[in-house]
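Structure assessment
In case you want the letters, here they are:
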Amino acid sequence: MNLRKKLTHHYFALAGIILLGTLLRFWHLDLKPLWLDEVLTAFFSLGREYNDLPLDVVFSLSTLQELFTLQPEASCRDIAQTLAQESTHPPLFFCLMHSWLRFTGTEPLAWVLRSFPALIGVSAIAAIYVLNRLIFSPIAGLIAAALMAVSPFAVYLSQEARHYTLPMLLIILALLALIPIQQRLYDQQLPSPWLWLGWGMVNSIGCYVHYFFLLAVIAQFLTLISGMIWYRRRLPSGSWSAVALVMAGMAVSYLPWWGMLLADMGRQETNWLPSPNSITPVLQLLVGWLLMVIALPVENQPWWIVIPMGGLTLGLGGWIIWQGGVGVKRLLQKPATQLATFTLLGFTLAVLLQFLAIIYLLGKDISVVPRYNFVYYPAICALLAASLTVNVETRHGASHGASHGASGRRGVGMQGRWAIVLTLAISVVSTVCVVANLVFLKPYYPQQVAENMTIEPTVPLMMVMGYDDLQDIGLGLSFALALENLPEVGSQESDRAIAFLSRQQGYDQVWQQLSKLAIPSVSQLNLWVIAPGLKRRDYPQHLAIANQKSCILDPSQHYRIGIPYQLYRCGQDLA
């Protein structure tokens, strides 16, 4: 096969991989209901603020459409000010999402919100291809793109209306600059100012997208400085000055938000993370690695599904880790790939050490949140792809440098081919499970809550949420949106109402407010009370509601999903 045909096949394969990744990310994009964090993304990105919320009053589900309408007059400055007062996130992603919603509109809400991160996720596939092509080989680039295209973890992040795929893309771009910087430095060449500038700008932008991007920045500098110390005799003049200048420029660029970062670190919204329990966080981090490639349904499943699925996950995941380890060892033995491999390993290790410091020194177990692994996922994906590629190259193929690319003659053994095929097949099956809502289930299960609340669809329904902060309100809104999306059987949307009642002075305040609300008179009413922090025994047996008969607690309809919710039957006898 001549060179032109090889290149044609190569780029057709890349186009097919990107197309597959696009289809997987947009497949059933709005199947799952918006959950708490996504609701808050929508709220802030639409240009809304706390004062826009209808609190301590009863409103119908139809009001949600008004609440989730775009405020086109809101500027990025307005959104940043709202986030500074009411949230714990930097503003750039929300500003970009606001511009995206102005372009696309807001209907259907879940689809348009998630389509923006999904598009960025597709861009990350192309970026990881470029990264691995330049630092390893074109074949390694294709394998990296394929792994990211079908990764259950990457698809999960892409289908979240949150700021995870954008920093992931920026981390790839940062590595794409960092490794050439190192290569030039260790070849006794001072990198061009444009390369330093591009690297600094990408990292500065990322810090305004997600606070955890700072961990990636620190990891990059630790990796770079460690290498410069090791190769200090080979560095050209001005190397340390250039690094110091980039660091200073990044620090100056973040001055407008530095005070908010320090303030957000002490806010109560960050206190939801549990304290670490012995070595459990380490084990959870290891599971997080497996989830990047294999994720089979084990959440909320019966034991006869959990046991075989868990066994398959551990068995296949262990085999993939072993394959990767063998490949990394070979990469370190090849001069052409040694520096890139050390850089990716060093970056990953530096991020993991920072994770462990947050877990054990700050007492916040971030290992319980697998999505935070986006910080080092690109490095893991690049390394795994390169290791699988080098595992299948014969001695003849290995004699060619990484730069020879597709024109190099490479022999690929059947065993190596099947290792790649099996890894990709496992990921495809896992991604189908993600898309089908069998894996990475939405926290607090808004769909399940909505279905439980509509056990009697012909009876008018009212949902009351006791709130203490915006997080509680966002959670209640996620349940309300799930209720709105359920089909109406024998009832009208006006028969479903919502109320957010303050619990800052305890639940006695909630019960008193409830008795004074202006509620339309109906013969029957199913009243669902969501009460964060309230124990089951503390729910009163009777509740009084304005214009209604006494509401009686139904002991058979009590649920807990991290928070409890209880049914009261109003204006009817318990049967």
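Read on for an overview of the structure. Predicted model only: the values in this text are computed from it and were never measured. (Residues numbered from 1 in each chain as written. Predicted model: local features only at pLDDT ≥ 70, side-chain atom pairs only at ≥ 80, totals over all residues. Heavy atoms only, no water.)

**Concerning the overall build of the protein chain**
Helix and strand counts for the protein chain come out as 22 helices and seven strands. Here the C-alpha atoms of the protein chain give a radius of gyration of 26 Å, agreeing with the 25 Å that 2.2 N^0.38 yields for 575 residues. Principal-axis analysis of the C-alpha atoms gives the protein chain an extent of 85 × 50 × 50 Å. Just so you have it, the protein chain exposes about 25000 Å², and 62% of that area is on carbon and sulfur atoms. Computing the positive centroid from 35 side-chain charges and the negative centroid from 31, the protein chain places the two 21 Å apart. (Helix = DSSP H or I, 4+ residues; strand = E, 2+ residues; numbered from the N terminus. Rg over C-alpha atoms; globule rule 2.2 N^0.38 Å. Areas by Shrake-Rupley, 256 points an atom, 1.4 Å probe, with all protein chains shown as cover. Lys, Arg positive; Asp, Glu negative; His and termini not counted. Charge placed at Lys NZ, Arg CZ, Asp CG, Glu CD.)

**Observations regarding the pairing of strand β3 (residues 496-502)**
Counting buried residues along β3, seven of its seven residues qualify, which places the element largely inside the surrounding structure. Burial along β3 is two-sided: R496, I498, F500 and S502 facing one way and A497, A499 and L501 facing the other are all buried. Summarising the sheet, strand β1 (residues 58-60) and β3 pair through three bridges and their orientation is antiparallel. From the neighbouring strand, F59 faces β3, where its bridge partner is I498. (Buried < 20%, exposed > 50% of the residue type's maximum accessible area, 1.4 Å probe, protein only. Pairing = 2+ DSSP bridges.)

**With respect to the pattern of salt bridges**
According to the stated counting rule, one finds ten salt bridges in the structure shown. In this structure, D52 and R48 form a salt bridge, with 3.9 Å as the shortest nitrogen-oxygen distance. Given the relative accessible area of 31%, D52 is considered partly exposed. Among the salt bridges present, the one from D554 reaches R569, with a minimum N-O distance of 2.9 Å. In this pair, D554 sits in strand β6 (residues 551-560) while R569 sits in strand β7 (residues 564-570), placing the two residues 15 residues apart along the sequence. A relative accessible area of 11% places R569 in the buried class. (Salt bridge = Lys/Arg side-chain N within 4 Å of Asp/Glu carboxyl O.)

**Quick notes on the sheet that holds β3**
If you walk across this open sheet you meet the seven strands as β1-β3-β2-β4-β7-β6-β5, and the pairing is mixed. Looking along the sheet, the strands with just one partner apiece sit at the ends: β1 and β5 (542-543). Two elements, β5 and β6, share two bridges in a ladder whose sense is antiparallel. For H542, the partnering residue across the bridge sits in β6 and is I552. Contacting β2 (461-467), β4 (525-530), β6 and β7, helix α20 (residues 446-453) runs over the sheet at an angle of about 20° to β7. (Contact = heavy atoms within 4.5 Å. Axes fitted to C-alpha atoms, helices over the stretch in contact; angles between N-to-C directions.)

**Here we look at the packing of aromatic side chains**
Summed over the entire model, instances satisfying the criterion amount to 23 aromatic pairs. Here the aromatic rings of F355 and Y376 are separated by 5.8 Å at their centres, their planes lie at 75°, and the arrangement is edge-to-face. Here F355, found in helix α16 (residues 335-360), pairs with Y376, found in the loop between α16 and α17 (377-391); they are 21 residues apart in sequence, far enough to count as distant. The pair F355 / Y376 is uniform in exposure class, with both members buried. A network of ring pairs unites the aromatic residues F43, F44, F93, F94, W100, F103 and F116 as a single cluster. One Lys or Arg, R371, reaches over the ring of Y372 and ends 5.8 Å from the middle of that ring. (Phe/Tyr/Trp six-rings, centres within 6.5 Å; stacked < 30°, edge-to-face > 60°. Lys NZ or Arg CZ within 6 Å of the ring centre and 35° of its normal.)

**Remarks on a nonpolar patch on the surface**
On the surface, a cluster of nonpolar side chains totalling about 540 Å² of accessible area is made up of V252, L255, W258, L262 and M265. At four residues, helix α13 (residues 255-265) tops the list of elements feeding residues into the nonpolar patch. Here M265 shows up in helix α13. (Patch = residues over 30% accessible without salt bridge, like charges linked within 9 Å, V, L, I, M, F, W, Y side chains within 5 Å.)

**Thoughts on helix α15 (residues 303-333)**
Each α-helix turn comprises 3.6 residues. Residues three or four places apart therefore point the same way. Its 31 residues place the ends of α15 45 Å apart at the C-alpha level, agreeing with the 45 Å of an ideal helix rising 1.5 Å per residue. Among the residues making up α15, those that are buried are M309, T313, G317, I320, Q323, G324, G327, V328 and L331. (Expected span 1.5 Å × (residues − 1).)

**What about unusual backbone geometry?**
Cis geometry is found at the peptide bond from E107 to P108, where omega equals -10°. Of note, the phi angle at F440 is positive, near 55°, even though the residue is not glycine. Relative to the assigned elements, F440 resides in the loop between α19 (414-435) and α20.

**So, the environment of L147**
In this fold, L147 is placed in helix α7 (residues 138-150). If sequence neighbours within four positions are ignored, L147 has contacts with Y377, C381, L384, A385, L388, T423 and L424.

**Overview of the state of the cysteines**
Counted according to the given criterion, the structure contains two disulfides. Across the disulfide from C76 sits C95; the S-S distance is 2.1 Å. An S-S torsion of about 85° defines the bridge between C76 and C95 as right-handed. Residue C76 is found in helix α4 (residues 76-86), and its partner C95 is found in helix α5 (residues 92-104); the two are separated by 19 residues along the sequence. Its relative accessible area of 8% is what places C95 among the buried residues. Paired by a disulfide, C551 and C570 hold their sulfur atoms 2.0 Å apart. Every disulfide takes its handedness from the sign of the S-S torsion; for C551 and C570 that torsion is 110°, giving right-handed. Taken together, the positions of C551 in strand β6 and C570 in strand β7 put the pair 19 residues apart, joining distant regions of the chain. Here C551 matches C570 in class, with each residue buried. Ordering the disulfide-forming cysteines of the protein chain by sequence position, one finds them joined as 1-2, 3-4. (Disulfide = S-S within 2.5 Å.)

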